[in-house]
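In case you want the letters, here they are:
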Amino acid sequence: HFCHTPDDAAEIEHLLEVPVLCNSYWNGFQLSQDAWDVPLRNRNSALCGILEQHAAGIAARMPESNQLSGEVRRVLIAQLANGTIQMNAVARELAISGRSLQRRLAADGLSFQQLLDSTRRDAAVEYLSNPRLSLGEIAYLLGYSEPAAFHRAFKRWHRITPQAFRRNYSRNSTTVAPAPPSDGVAG
């Protein structure tokens, strides 16, 4: 899938032996479930290092309303690209039970879903400032199953599409995103 029409679409189609779809709403490719299930033979340690460094940078810039929410955000940033994030897995990483995490967040007036949503919102703005990342890649890095889910979430947070935000950002890198709806979470 290409958002534009490459000059060499027919050549790409011939080389890869797959249909090339132009003027799509996203840039990317689709794989069958069988292809996804094939284990990777080796890791890309350079890419892993870059992504971990980027995640640490995002986590460092996030304001911490209290120590627990800051720790939850740190774990969330590290686990976002894994897909569906479960509260019990985050709690395990913090060496507490899922129920204790839920109770302690509630005592601070927060929920796990609020923290996940605000963490994704903050990371999305950061990722969109990098023009080398496609919207599909950003959706993956934020743990969404498809770009459309990321698109809907971003529009809910900022009342504009990710594409419009990126255009505004590239025109003026000092542009600040519109204030998101109040969800009770700083960030």
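Relevant structure appears above.
Residues numbered from 1 in each chain as written. Predicted model: local features only at pLDDT ≥ 70, side-chain atom pairs only at ≥ 80, totals over all residues. Heavy atoms only, no water.

Q: What's the story with the overall build of the protein in this structure? I'm lost.
A: Of the regular secondary structure elements, the protein holds ten helices and zero strands. Going from the N terminus to the C terminus, the protein shows its helices and strands as α-α-α-α-α-α-α-α-α-α. For the protein, with 187 residues in total, the buried portion stands at 33%. Across the protein, every contact between residues at least 6 apart in sequence was considered, and the portion connecting residues at least 24 apart equals 50%. Put simply, the protein shows about 11,900 Å² of open surface, and 53% of that area lies on carbon and sulfur atoms. (Helix = DSSP H or I, 4+ residues; strand = E, 2+ residues; numbered from the N terminus. Buried < 20%, exposed > 50% of the residue type's maximum accessible area, 1.4 Å probe, protein only. Contact = heavy atoms within 4.5 Å. Areas by Shrake-Rupley, 256 points an atom, 1.4 Å probe, with all protein chains shown as cover.)

Q: What is the right way to look at the nonpolar core in this model?
A: Core analysis: the largest hydrophobic core is formed by 33 residues, its most contacted members being Val72, Val90, Leu101, Leu142 and Phe150. Broken down by secondary-structure element, the contributors of at least two residues to this core are helix H4 (67-79), helix H5 (87-93), helix H6 (98-107), helix H7 (112-128), helix H8 (135-141) and helix H9 (147-158). Tallying contributions element by element places H7 first for this core, with seven residues. Apart from the residues within four sequence positions on either side, Phe150 is in contact with Ala124, Leu128, Leu135, Ile138, Ala139, Leu142, Tyr144 and Pro162. (Core = buried A, V, L, I, M, F, W, Y, C linked by side-chain atoms within 4.5 Å.)

Q: How do you make sense of the pattern of salt bridges when you look at a structure like this?
A: When the charged atoms of two side chains with opposite charge come close together, those side chains can pair. The full count for this structure, using the stated rule, is four salt bridges. The partner of Arg74 in a salt bridge is Glu71, and the shortest N-O contact between them spans 3.0 Å. Of the two residues, Arg74 and Glu71 are both situated in helix H4; the distance of three residues between them amounts to about one turn of the helix. Overall, the relative accessible area of 39% leaves Arg74 in the partly exposed class. A relative accessible area of 31% means that Glu71 is categorised as partly exposed. The closest approach of N and O atoms between Arg73 and Asp122, which form a salt bridge, is 3.7 Å. (Salt bridge = Lys/Arg side-chain N within 4 Å of Asp/Glu carboxyl O.)

Q: What is the right way to look at the packing of H4 against H7 in this model?
A: To describe two helices that pack against each other, one gives the angle between their axes and the distance between the axes. Between H4 and H7, whose axes approach to 10 Å, the crossing angle comes to 60°. The angle between H4 and H7 places the two elements in the oblique class. The way H4 lies across H7 gives a crossing that is right-handed. From H4, Ser69, Val72, Arg73, Leu76 and Ile77 reach across to H7, where they touch Phe112, Leu115, Leu116, Ser118, Thr119, Asp122 and Ala123. Looking at the contact of H4 with H7, its residues break down into seven nonpolar, three polar and two charged. (Axes fitted to C-alpha atoms, helices over the stretch in contact; angles between N-to-C directions. Parallel < 35°, antiparallel > 145°, perpendicular 65-115°, else oblique. Left-handed = near helix turned anticlockwise from the far one by under 90°. Nonpolar A, V, L, I, M, F, W, Y, C, P; charged D, E, K, R; others polar.)

Q: Help me out: how do you make sense of the packing of aromatic side chains in this one?
A: Aromatic ring pairs are defined here through the distance separating the ring centres and the angle between the ring planes. Applying the stated rule across the entire model yields four aromatic pairs. With a centroid separation of 6.3 Å and an interplanar angle of 70°, the aromatic rings of Phe154 and Trp157 are classed as edge-to-face. With Phe154 and Trp157 both in helix H9 and three residues apart, the pair spans about one turn of that helix. Each member of the pair Phe154 and Trp157 is classed as buried. Here Phe154 and Phe165 contribute two aromatic rings whose centre-to-centre distance is 5.4 Å and whose plane-to-plane angle is 70°, an arrangement assigned as edge-to-face. Of this pair, Phe154 sits in helix H9 while Phe165 sits in helix H10 (residues 162-171), and the two are eleven residues apart along the sequence. The exposure class of Phe165 is buried, given its relative accessible area of 4%. An aromatic cluster of at least three residues, connected via ring pairs, comprises Tyr144, Phe150, Phe154, Trp157 and Phe165. For Arg120, the ring lying beneath its charged end belongs to Tyr144, and the centroid distance is 4.3 Å. (Phe/Tyr/Trp six-rings, centres within 6.5 Å; stacked < 30°, edge-to-face > 60°. Lys NZ or Arg CZ within 6 Å of the ring centre and 35° of its normal.)

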